[in-house]
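# Inside the fold
If you want the building blocks of each chain, they are given just below.
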Amino acid sequence: MFSKCLRTVAIVGAIAIVLVGIAGALGIPALARWGIETVGSRELGRALTVQQIRANPFTLRISARGLAMADVDASAAPFVSVETAQIDVSAASLWRLAPVISAVKIDGLTVNVIRTAPQRFNFSDIVDRLAAKPRAAGEPARFSVSNIELSRGTLSLDDRVLGSRHALTDIALGVPFISSLPTHADIRVQPAFAARLDGTPVALHGETLPFADPPESSLQLKLDGLALPTYLPFSPVRLNVDIPRGLLDTDLRIAFRAAAAATAERPARAAEIVISGSAALRDFALVPAGSRVPIVTWQRLGVQVGRFAPLAGTLALDELTLDAPQVAVARDADGTLDWQRLAQAPVQRANGPASPPANSVTPTSAGPPFTFSLARLIVREGRLRYVDEPLDRFEQSLTGIAIDMRGLSTVADPAAPPAQVTLAAAVAPQGRLAIDGTLSLAPVATTLDVKLDDLALRAFAKPLAQFVDGTLAGALDVAGHVAFALEGGEPRLTLREVTAAARELRLRGPQGSGAELDVGRAALGGGTLDLAARKLHADTLSVEAARALVTRLEDGRISWTRLARTSNAAVLDARDARARPAREPATAPWAITLDALTLARSQLRFDDAGVSPAASVQLSGLAGTVRNVAADGSRRAEIALRSRVGRDGQLAVNGHARWDRLLADLRLDARALDLGAVRGYVAQQLNAVLVSGELSSRAALTLLQPADGPLRIRYDGGARLTNLHALDG
């Protein structure tokens, strides 16, 4: 009875194995042919054919013969053809739920490339077709391919632009593995490359370290002066930039490290590809398409790679040095930066600049994030030039830029200090910039001590002219502490401990405006700025040796009102309004406060051409303080000012005032004020000509502007006229 049951089970098992074998041998080739010839042809827009496909369901081996992809010209030779291909699938694909290939052998690969126009090839239609497809969101592709071998390969190039032909024949390539999965495959292939370029042998041989833990194979890639402009025209996509010059040097080691099982001393390690060594790009220039002027050049960019594991998403640079970089930034007439335009469209479509598809989706990775670290960055003798077309082609440049940064990383480590950064540069036509501080990428934050010395204000005449109809000269020193951070995804910028000192300031209004200002020295201390809170504060502002001219013109306007270019301000306000969302909530007004304003050894002259005869009042020796100032007038400012008026007069004003709603309580002490200087004001009121006279007064002056009534003025005190001399009009 038992033997009969056993015989039955054996028969059923044998039948099942035979059925599985038949199903696999017939079904897998049919499914593979449908995938290649139907799905592949539809997705690529090219006819894909295969002569024969065989499958062994027991060894999990699939072989194909006579694979071909038609050229864009169906009558021409195939674009790609393969004589034989063999794929060994690993059973690990079942529990990995991802393709795991233990070996790939390709023999007789032939690729026929035809260049029909600059950066257009007989496969450009495939590139354009794939680029137009939406990007699927999700985690990175999970796969593992080991023991990749290519033999008797041929790559031919028919360059119909230059009228030349090139061929890379007898290609033999060995790649131990490419994997994003922690698989443990039996690695039998060493890294190697061999071919003949137009008949000249080219070979790269690797080495194997079988006793390393884990075992690894490596390949050394050495290049000396590879000219990038020679190969840029063969880019499969049309770039919006050109590289007229650039030489590439490399001394890189590409290591293929096998996976290692867990031991008592260490956890399991996945197979990985690790690149290390050095690379340099010399005598480089980058030019936007359609232009002849480079936007960036440098003498040498050198990189020392400590570890680059592309499949693991890790890049660690030991050092990056940049010698003599020159960067040009320009803002065009519509307000767009050239670098911004280039970043938005780095490549072109066949019919113009590329733009992201409307239905594209930015992929979000569920895998580990890419990690980056830079031990040291050095920039020497850099130059940055900025040109602003809307500002009447305003130009500014930084020269002699030197940067030294240490310890930059995207890995959040509370125990590791942030990167240390120093920068020094010269500001044209005069001035020095120095920055010293820290920078962190995880989270994004920076704290910098910024110092700007001896800045020539005349260099900013064109930007100032957009708002002020006048000229400004002088020198400025600024220093402060700058802090920037992302808080809840929102940027926050603050400035603290800001100090500024201006020397020999000279402001002149338009010709004949009667608006002048000279300041010997002005200093600001204890400044703070919080953009998010919209607060600007200063502890002190001192002004010494100032001389101001204020004129009332014949039409009644005050001269200083002619300095404001209201038309330009309106245009900028309208542009900002268009840029803001339609339903952007109203923002709170800026809170601008000043603890103390100090005046010393200053002068003010007021000329009034609106009366006849013209009046002129001269204040000299102007000194005093104004405390607790708010720009909106909401704080009660304390005023203590004194000045000489004319030749012998004296005037002192003390008290407090606010101007959000006019309220002032002032104590006036005037002595021997010359009335002859203001005779024009009384000439039309009296039937007499005031020749001279002196006015003295001590009084309390109160000004009050009710919300629903006229201005109220109260004057408590007396006045005395002396030396009055008038003529009958």
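Our subject is the structure listed above.
Residues numbered from 1 in each chain as written. Predicted model: local features only at pLDDT ≥ 70, side-chain atom pairs only at ≥ 80, totals over all residues. Heavy atoms only, no water.

### Looking at the overall build of the chain
In plain terms, the rule: Counting from the N terminus, the helices are DSSP H or I runs at least four residues long and the strands are E runs at least two residues long. Buried, partly exposed and exposed residues are distinguished by accessible area as a fraction of the type maximum, computed with a 1.4 Å probe on protein chains only: under 20%, between the cut-offs, and over 50%, respectively. Contact criterion: two residues are considered in contact whenever any of their non-hydrogen atoms come within 4.5 Å of each other. Surface exposure here means Shrake-Rupley accessible area, sampled with a 1.4 Å probe, where a residue is shielded only by the protein chains that are shown.
When its secondary structure is counted, the chain shows 8 helices and 34 strands. Relative to its full complement of 729 residues, the chain shows a buried share of 31%. A separation threshold of at least 6 residues defines the contact pool for the chain, and within that pool the share at least 24 residues apart is 57%. Carbon and sulfur atoms form 60% of the exposed surface of the chain, whose accessible area is close to 41,800 Å².

### Things to note about the nonpolar core
Stated precisely, the cut-off is as follows: Only buried Ala, Val, Leu, Ile, Met, Phe, Trp, Tyr and Cys residues count toward a nonpolar core, and they belong to the same one when joined by side-chain atoms within 4.5 Å.
Grouped together as the largest cluster of nonpolar side chains are 23 residues, with contacts concentrated most on Phe 284, Leu 286, Leu 317, Leu 374 and Met 405. Mapped by element, the contributors of at least two residues to this core are β12 (241–257), β13 (272–288), β14 (296–309), β15 (314–323), β19 (371–388), β20 (394–409) and β21 (419–427). Phe 284 has contacts with Ile 243, Arg 245, Gly 246, Val 296, Thr 297 and Trp 298, leaving out every residue within four places of it along the chain.

### What to know about the pairing of β20
A regular strand places its side chains on the two faces of the sheet in alternate fashion. Operational definition: Two strands make a pair as long as DSSP finds a minimum of two bridges between them.
Taken together, the 12 bridges between β19 and β20 define a ladder with antiparallel strand orientation. From the neighbouring strand, Tyr 386 faces β20, where its bridge partner is Gln 396. Between the end of β19 and the start of β20, which pair antiparallel, lie 5 residues, with Asp 392 showing a positive phi angle near 55°.

### So, unusual backbone geometry
Residue Pro 429 is reached from Ala 428 by a cis peptide bond, and omega for that bond is -5°. One can find Pro 429 in the loop between β21 and β22 (432–441). The omega torsion of the bond from Ala 442 to Pro 443 falls at 0°, within 30 degrees of zero and hence cis. One non-glycine residue, Asp 198, lies in positive phi territory at about 50°. Tracing the backbone shows Asp 198 in the loop between β8 (192–197) and β9 (200–209). Positive phi, normally seen in glycine, also occurs at Arg 393, with a value near 55°. Here Arg 393 shows up in the loop between β19 and β20.

### Here's the deal with the pairing of strand β26 (residues 516–530)
In the sheet, strand β25 (residues 490–508) pairs with β26 via 11 bridges, with the strands oriented antiparallel. Note on β26: the bridge partner recorded for Leu 505 is Val 519. Sheet topology note: the β26/strand β27 (residues 535–552) ladder contains 12 bridges and is antiparallel. Note that in β27 the partner of Gly 525 across the bridge is Thr 540. Between β26 and β27, which pair antiparallel in sequence order, lie 4 residues; one of them, Arg 534, sits at a positive phi of approximately 55°.

### A look at the environment of Thr 446
Rules: Whenever a nitrogen or oxygen atom comes within 3.5 Å of another N or O atom, the pair is scored as a polar contact, on the condition that within protein one atom can donate a hydrogen and the other can accept it, and that pairs from neighbouring residues in sequence are kept only if both atoms are in side chains.
Take Thr 446: it is sitting in strand β23 (residues 444–456). Thr 446 gets classed as buried once you look at its relative accessible area, which sits at 14%. Discounting chain neighbours no more than four positions away, the residues touching Thr 446 are Thr 438, Leu 439, Val 482, Ala 483 and Phe 484. Within polar-contact distance, the side chain of Thr 446 engages the backbone oxygen of Thr 438 at 2.8 Å.

### Section: a nonpolar patch on the surface
What counts here: Patch membership requires over 30% relative accessible area and the absence of a salt bridge. Like charges are linked within 9 Å, and nonpolar side chains (Val, Leu, Ile, Met, Phe, Trp, Tyr) within 5 Å. Definition used for salt bridges: Asp or Glu carboxyl oxygen within 4 Å of a side-chain nitrogen of Lys or Arg.
Together, Leu 531, Leu 536, Trp 590 and Ile 592 make up an exposed nonpolar region whose accessible area comes to about 320 Å². With respect to the helices and strands, the residue Leu 536 is situated in strand β27. Classification of Leu 536 as partly exposed rests on a relative accessible area of 36%.

### A few points about the side chain of Asp 518
Within the element layout of this structure, Asp 518 appears in strand β26. Asp 518 gets classed as buried once you look at its relative accessible area, which sits at 15%. Here Arg 508 takes part through its side chain, which lies 2.9 Å from a polar atom of the side chain of Asp 518. The contacts of Asp 518, once residues within four sequence positions are left out, are Leu 505, Arg 506, Arg 508, Ala 545, Ala 546 and Arg 547.

### Focus on the side chain of Asp 159
With respect to the helices, strands and loops of the structure, Asp 159 is situated in strand β6 (residues 144–159). Among the polar contacts listed, one links the side chain of Asp 159 to the side chain of Arg 115, at a separation of 3.0 Å. Side-chain polar atoms of Asp 159 contact the backbone nitrogen of Leu 162, separated by 3.2 Å. The residues touching Asp 159, leaving out its near neighbours within four places in the chain, are Arg 115, Ser 164 and Phe 234.

### Brief notes about the pattern of salt bridges
Per the stated rule, a full pass over the model turns up 39 salt bridges. Here Asp 404 makes a salt bridge to Arg 376, at a shortest N to O gap of 2.8 Å. With Asp 404 in strand β20 and Arg 376 in strand β19, this residue pair connects regions lying 28 residues apart in the sequence. A salt bridge links Glu 395 to Arg 393, with the shortest nitrogen-to-oxygen separation between them at 3.7 Å. Several salt bridges share partner residues, and in doing so they unite Arg 506, Arg 508, Glu 516, Asp 518 and Arg 547 into one network.

### Thoughts on the layout of surface pockets
Any space left empty among the atoms is revealed by the rolling of a water-sized probe across them. The condition is simple: For each structure, a 1 Å grid was placed over the protein atoms alone; sets of points admitting a 1.4 Å probe that cannot get out are labelled cavities, open sets with protein on both sides within 12 Å along at least five of seven lines are labelled pockets, and lining residues have an atom within 4 Å of a point. Grid points are joined across faces, edges and corners, and a volume is the space filled by probe spheres set on the points. Polar here means any residue outside two lists: the nonpolar Ala, Val, Leu, Ile, Met, Phe, Trp, Tyr, Cys and Pro, and the charged Asp, Glu, Lys and Arg; Gly therefore counts as polar.
Reported here for the largest pocket is a volume of approximately 910 Å³. Of all the elements in the fold, those that place two or more residues in the lining of the largest pocket are β4 (100–117), β6, β7 (164–179), β8, β9, β10 (216–227) and α4 (228–231). A breakdown of the residues in the lining of the largest pocket according to their chemical character gives 20 nonpolar, 3 polar and 2 charged. Roughly 550 Å³ of internal volume is contained in the second largest pocket. As for the second largest pocket, its lining consists of 27 residues, and the residues nearest its centre are Leu 604, Leu 619, Leu 622, Leu 641 and Ser 643. When residues in the lining of the second largest pocket are grouped by element, the largest group, 5 residues, is from strand β28 (residues 591–608). Considered class by class, the residues forming the lining of the second largest pocket number 21 nonpolar, 5 polar and 1 charged.

Honestly, it's all geometry; don't read function into it.
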